[in-house]
Amino acid sequence: MELLEKLEILSNSAKYDASCASSKSSFKNNSRLSGICHSWSADGRCVSLLKILLTNICEFDCAYCINRKSNNIKRTAFTPDEICLLTTEFYKRNYIEGLFLSSAVMKNPDFTMELMNKTASKLRKEYGFKGYIHLKIIPGSNEKLIEEAIRYADRVSVNIEIADSKKLDSICPDKTREMIIKPMSYAKDKISEIYENKKHGGQSTQLIVGATEDSDYKIMNLAQKLYEKMKLKRVYYSAFININSDERLPALNKPPLLREHRLYQADWLIRIYDFKLNEILNENENLNLIFDPKTQWALNNLNLFPLEINKASYDELIRVPGIGIVGAKKIIKARKFSNLKIEDMKKLRISVKKAVYFLTFNGKYHGITTNNPDKIKNLLIEYKQDNLFEDEKLLYTTYLSANTGEL
Amino acid sequence: MNVTYDKSFEGYVTALKFALEYENSTISSEDVLGENINIKTQEEHDWAKAFYVELKTIYLSEKEGFENIALNYLRFVKNDINKKNDITNKWVNLVEKIKKSYFSELHRMKGFLRFMEFEKGSYIAKISTENNIIEDLGSYFKKRMKENFIIYDEKRKSIFIRIKDKSHIKKVENLIFQKTNEEIKIESLWKKFFNEIAIKERTNEKLQKSKVPLKYRKTITEFINF
């Protein structure tokens, strides 16, 4: 088979894996931490890595997967040299930062993992490649192979996919939770042993959203545990698409993209903004699709607001809807020189459309005075940031109870 | 009084030092109406060390009247370096904006620049940017790759050329080159990959457009002849 056709098959079947981060590339030149994105595909997802499968020949039969054994599709496999050629040629032309190599399970997990390692080793040693390498750990592969993968790769990941381990049996009859958690836990120990400085190395995982009835609470609860106990760098969330029309899985007209977006926002709040899960979600609850989780939190805690912008601490400021890490830092810098007024926000390039209900400026409040959160909700709805997800018409809902009072 | 200089970065820094001595002075590269003083470029710029990044970025932004932006900025911050953080001040604010525009564009182009092979083992890329970023961009790629390359700035008719360990920038009139056969093959592989990687059920061209603005697409391989 021609290389072009192989690439067509093995990139098409790799596309469902969420991946973006490449900021911890071993090639480092600038002090900026943000990774470099080279392009964005028609679905608006960032393209920074050559994301391909080593093979789509699979012994497993997972209900959600395009490559499952029972699907009648064209099958093929790359040779290690073909992958090295594509990676280095694409890298030289500045198409990509590196390689994201995943695979179906050919013969058995160890056989596949060994081939992936062989590819990574060749790429580093024979081709002298210094870019970024991400390797998927094949569930069930042995410890020696996992250690080897960690040494070649900047990051590794084992995909959990299904948050509820009891449902895993029916959806993925060949996989057990143990086959996933054991390598992950082993990788955690090895990574901290090999990369003491912590800047390099690391692992991530992916959870499918909407394939089971698991609530956002259940998903985020798992994510929080993974960050704490498995020291994961990232958890990715992937809106479920029922490609196989499998009866074990729900028939969705469209992937739940806004829900996926909300999960990423909640994930950010936990990872970067120091929120605890129970501040954002009650047990078995789903995230509000109308408001982002920080706004929702603030609406539930109106008693904490408004805060005086010239006095609030950094930790308080980053909890104000519409103010992020960068904004809070700018505010703290600028207020050393003068008391900030609402007009100054424009100069700082901080939007106050949301924040205005939660802040005072020099004692002056520019929002509305109310104890009824619904009134603020109505005003906030008019300003919606999520218009990139046009599928969700429910954004136009109004809070009728608030309409009786004056706005 | 207006101070004129020879358009070089060193000349501009010299002019700044000179103009700062006078309250109502201005700077430009050409003579303006009224009194003009042409200064001789000096090489010694230790006094400007603390503002180097700002002054250089303002210069490279090539914004109209950038010399006077730098001059007013210096008048405000030079006696108290902490004032660089007073971002509600008009001049500090403007300079922050210029810096942001410069560094965002530089960062963006580290991703968007596309090389093509024009002879075995040598690569060329074409850029057309708002800010004059070729020097910073060139040094970035010098570290990123070991191959010889040329970056051609279409707007400014200049090239950054790297051969082995050496590199320099020079002016060019026109640049004509041809892709190698290998290049045509690799490009078609890349375009194939780029097409396949998008998930149809998630198509969102509005999002894609906000990430890859149309003005940059004319030099990005995967968006050409699609």
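Residues numbered from 1 in each chain as written. Chains lettered and ligands numbered in written order. Predicted model: local features only at pLDDT ≥ 70, side-chain atom pairs only at ≥ 80, totals over all residues. Heavy atoms only, no water.

*Asks:* Now, about the overall build of chain A: what can you tell me, with residues and values included?
*Replies:* Per the secondary structure count, chain A includes 14 helices and 11 strands. Within chain A, buried positions represent 58% of all 407 residues. In chain A, 68% of the contacts between residues at least 6 apart in sequence involve partners at least 24 apart. Carbon and sulfur atoms form 50% of the exposed surface of chain A, whose accessible area is close to 17,800 Å². (Helix = DSSP H or I, 4+ residues; strand = E, 2+ residues; numbered from the N terminus. Buried < 20%, exposed > 50% of the residue type's maximum accessible area, 1.4 Å probe, protein only. Contact = heavy atoms within 4.5 Å. Areas by Shrake-Rupley, 256 points an atom, 1.4 Å probe, with all protein chains shown as cover.)

*Asks:* Before we move on, could you go through the interface of chain A and chain B and cite the residues and values that matter?
*Replies:* Contact residues are listed per partner, giving 57 residues for chain A and 53 residues for chain B. Among the residues chain A hides against chain B, the three largest losses belong to W40(A), R93(A) and Y95(A). Together they make up 13% of the total. Inspection of the chain A/chain B interface yields four salt bridges. Two residues, R202(B) and E260(A), come together in a salt bridge whose shortest N-O distance is 2.8 Å. Scanning the region where chain A abuts chain B turns up 23 residue pairs in polar contact (both at pLDDT 80 or more). Examining the composition of the side of chain A that touches chain B, we find that six residues originate from one element, helix α1 (residues 3–12) of chain A, more than from any other. Residues that form the side of chain A that touches chain B fall into these classes: 27 nonpolar, 13 polar and 17 charged. (Buried area = accessible area lost by both parts, 1.4 Å probe. Salt bridge = Lys/Arg side-chain N within 4 Å of Asp/Glu carboxyl O. Polar contact = N/O pair within 3.5 Å; in protein donor to acceptor, adjacent residues only side chain to side chain. Nonpolar A, V, L, I, M, F, W, Y, C, P; charged D, E, K, R; others polar.)

*Asks:* How would you explain the sheet that holds strand β8 (residues 166–171) of chain B if you had to name every residue and give the values?
*Replies:* Residue and element names in this part refer to chain B. Taken together, five strands build an open sheet; the order of strands is β4-β5-β6-β7-β8 and the sheet is mixed. Across the chains shown, the open sheet's two edge strands, defined by having one partner strand only, are β4 (116–119) and β8. Strand-to-strand twist of the sheet, defined as the mean angle between neighbouring strand axes without regard to direction, takes the value 25°. For strand β6 (residues 148–153) and strand β7 (residues 158–163), the ladder comprises five bridges, and the chain directions are antiparallel. Across the sheet, the residue bridging to I150 is I161, located in β7. (Pairing = 2+ DSSP bridges. Axes fitted to C-alpha atoms, helices over the stretch in contact; angles between N-to-C directions.)

*Asks:* An account of the packing of helix α2 (residues 52–61) of chain B against helix α3 (residues 66–77) of chain B is needed here, citing residue identities and associated values.
*Replies:* Residues and elements named next belong to chain B. Closest axis-to-axis distance for the α2/α3 pair is 9 Å, and the angle between their directions is 160°. Between α2 and α3, the angle is such that the two are roughly antiparallel. As for the relative orientation of α2 and α3, their crossing is right-handed in sense. For the pair formed by α2 and α3, the contact residues are E54, L55, I58, Y59 and S61 on the first element and F66, A70, Y73 and L74 on the second. Taken together, the residues of the contact of α2 with α3 break down into seven nonpolar, one polar and one charged. (Parallel < 35°, antiparallel > 145°, perpendicular 65-115°, else oblique. Left-handed = near helix turned anticlockwise from the far one by under 90°.)

*Asks:* If you had to explain the pattern of salt bridges to someone new, which residues and values would you point to?
*Replies:* Applying the stated criterion to the full structure yields 41 salt bridges over all chains. In this structure, the salt-bridge partner of D189(A) is K188(A), at a minimum N-O distance of 3.7 Å. Its relative accessible area of 43% is what places D189(A) among the partly exposed residues. A residue is classified by how much of its surface remains accessible, and K188(A), at 25% relative accessible area, is partly exposed. Note that K215(B) is salt-bridged to E130(B), the shortest N-O span being 4.0 Å. Taken together, the residues span a long stretch of sequence, with K215(B) in helix α8 (residues 214–217) and E130(B) in the loop between β5 (122–127) and α5 (134–144) at a distance of 85 residues. What you see here is one network of salt bridges that share partners, running through E89(A), K92(A), R93(A) and E183(B).

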